[in-house]
Amino acid sequence: LITVGPRFVAENLTKRYGFGSAIGTEHVVENDIFSGKVGKVLTDKDKFLEFKKLASAFKIKLSDCVAVGDGVSDIPLFEACGFSIALNAKSQTVIDKASIAITTNSLYDIIPYVLGTKT
């Protein structure tokens, strides 16, 4: 899971949905309390570069990947991947760049699209 949002949110979702790893903007924790300070920021460009590194590490072509996102930071991924899902996207630009757009309360609802059993 790669997000420009907070890494701790990505880590929570990674645990909840069983993803392999979480990458995101780091927030500084001091004495087990969020300090309000931001550490390393993951930019739109960083997000795409991290994605490319992961795909390369697993020897997966970008055209064989599925990107799922809701914001403009996902557009480079949508353009590079073979299939893309705009999930609960509010921006028409994001919706237009995706292969499909869905609105749902459950991330599990993307599974039929990822598996190609629903179009």
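In this text, all values refer to a predicted model and were calculated from it rather than measured experimentally.

Q: What exactly am I supposed to notice about the overall build of the chain here?
A: The secondary structure content of the chain amounts to 5 helices and 7 strands. Listing the helices and strands of the chain from first to last along the sequence gives β-α-β-β-β-α-β-α-β-α-β-α. The C-alpha radius of gyration of the chain comes to 15 Å, within 12% of the 14 Å expected for a compact globule of 119 residues. Based on the C-alpha atoms only, the size of the chain along its principal axes is roughly 50 × 30 × 30 Å. Within the span of the chain, comprising 119 residues, buried residues form 29% of the whole.

Q: Sorry, what's going on with the environment of G71 here?
A: Position of G71 among the secondary structure elements: in the loop between β5 (66-69) and α3 (75-80). Judged by its relative accessible area of 18%, G71 falls in the buried class. Here the alpha-carbon distance between G71 and I95, two residues 24 residues apart in the chain, equals 9.0 Å.

Q: Got a minute to help me understand unusual backbone geometry in this structure?
A: Comment: phi is negative for the bulk of residues other than glycine, and the bulk of peptide bonds are trans. If you check the backbone angles, N31 has positive phi at about 55° while not being a glycine. Phi angles above zero are rare outside glycine, and K59 is one such case at about 55°. Relative to the helices and strands, K59 is located in the loop between α2 (44-57) and β5. Looking at K59, the relative accessible area reads 76%, which means it is exposed.

Cut-offs applied
Residues numbered from 1 in each chain as written. Predicted model: local features only at pLDDT ≥ 70, side-chain atom pairs only at ≥ 80, totals over all residues. Heavy atoms only, no water. Helix = DSSP H or I, 4+ residues; strand = E, 2+ residues; numbered from the N terminus. Rg over C-alpha atoms; globule rule 2.2 N^0.38 Å. Buried < 20%, exposed > 50% of the residue type's maximum accessible area, 1.4 Å probe, protein only.

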